[in-house]
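Inside the fold
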Amino acid sequence: MDKQKSIEALQFIVTGLSEGAFVHKVQGQIFKAQGFTKLGEKYIGHKHEARTLCYDPIEYIKEDLKIQEPGVELLRKCMGSVCEDYLTFDILKAYLADEEEDLYWSQGALEMIEKIGAQNWLIMQM
C-alpha cells in the first residue's frame, strides 16, 4: 500500500469539496432568489463541485456537466491507485457514487429540457 498516494488522493478530494461546497451553497441561493425553489434546494443540499456562479439555471447545468464528466473519470482512475488502501478506497467509492448520481441528474435534466422545453422545465423547478 502506497500511503503517499492515499494522502494525495484524499487531499485532492477534500480541497475540491471545500471549495465547491461554498459555490454550490451560493448558487443554490441565487436559484431560490429567482423563484426556482426546487433547483435552489438541490444545490444548497448538495453543495460541492467548484463552479463559477451563473444566473441562468440551464447554462449552469451545462457548465456543471462539462466538469462532472471528466471529474468522474478522474475519480475512477484515482481509485485504481489506492485500491490496496481499503479505507481510502471505500471513501472514494462512496464519493464516486455521489458524483455519478450528480452526473446522471445533470444529463437527465438536459435531456428533459430538450424534450419538454426550457420554460416547462424551469416551471418544474419552482
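Placed above this text is the structure.
Residues numbered from 1 in each chain as written. Predicted model: local features only at pLDDT ≥ 70, side-chain atom pairs only at ≥ 80, totals over all residues. Heavy atoms only, no water.

**What to know about the overall build of the chain**
For the chain, the helix and strand inventory stands at five helices and zero strands. For the chain, the α and β elements follow one another from N to C terminus as α-α-α-α-α. Split into buried and exposed, the 126 residues of the chain put 38% on the buried side. In the chain, the share of contacts with a sequence separation of at least 24, taken over all contacts with a separation of at least 6, comes to 65%. Counting every atom, the chain has about 7,500 Å² of accessible surface; 59% of that belongs to carbon and sulfur. (Helix = DSSP H or I, 4+ residues; strand = E, 2+ residues; numbered from the N terminus. Buried < 20%, exposed > 50% of the residue type's maximum accessible area, 1.4 Å probe, protein only. Contact = heavy atoms within 4.5 Å. Areas by Shrake-Rupley, 256 points an atom, 1.4 Å probe, with all protein chains shown as cover.)

**Topic: the pattern of salt bridges**
One pass over the full model with this rule turns up four salt bridges. For E63, the salt bridge identified is with K66, shortest N-O distance 3.0 Å. A residue pair is termed a helical-turn pair when its members lie 3 or 4 positions apart in one helix, as E63 and K66 do in helix 3 (residues 57–81) at three residues. Among the residues examined, K66 registers a relative accessible area of 53% and is labelled exposed. Linked by salt bridges that have partners in common, E73, R76 and E100 make up one network. (Salt bridge = Lys/Arg side-chain N within 4 Å of Asp/Glu carboxyl O.)

**Some thoughts on helix 2 (residues 37–45)**
For helix 2, the set of buried residues is L39, G40, Y43 and I44. The buried residues of helix 2 occupy an angular sector of 130° when projected down its axis, which confines them to one face. Turned more than 90 degrees away from the buried face of helix 2 sit K38 and G45, all of them exposed. (Arc of directions from axis to C-beta.)

**Side note on the nonpolar core**
Core analysis: the biggest nonpolar cluster contains 25 residues, and L92 and W121 have the highest contact counts within it. It is helix 3 that provides the largest number of residues to this core, a total of eight residues. If we skip the residues at most four places from it in the chain, L92 touches A9, I13, L75, C78, M79 and V82. (Core = buried A, V, L, I, M, F, W, Y, C linked by side-chain atoms within 4.5 Å.)

**Points about the packing of aromatic side chains**
This model, assessed by the stated rule, comprises five aromatic pairs. When the centroid spacing of 5.1 Å and the interplanar angle of 90° are considered together, the rings of Y43 and Y60 count as edge-to-face. One end of the pair, Y43, is in helix 2; the other, Y60, is in helix 3, and 17 residues separate them in sequence. When sorted by exposure, Y43 lands in the same class as Y60, which is buried. One Lys or Arg, K42, reaches over the ring of Y43 and ends 5.1 Å from the middle of that ring. Taking NZ or CZ as reference, K42 lies 4.4 Å from the ring centre of W105, over its face. (Phe/Tyr/Trp six-rings, centres within 6.5 Å; stacked < 30°, edge-to-face > 60°. Lys NZ or Arg CZ within 6 Å of the ring centre and 35° of its normal.)

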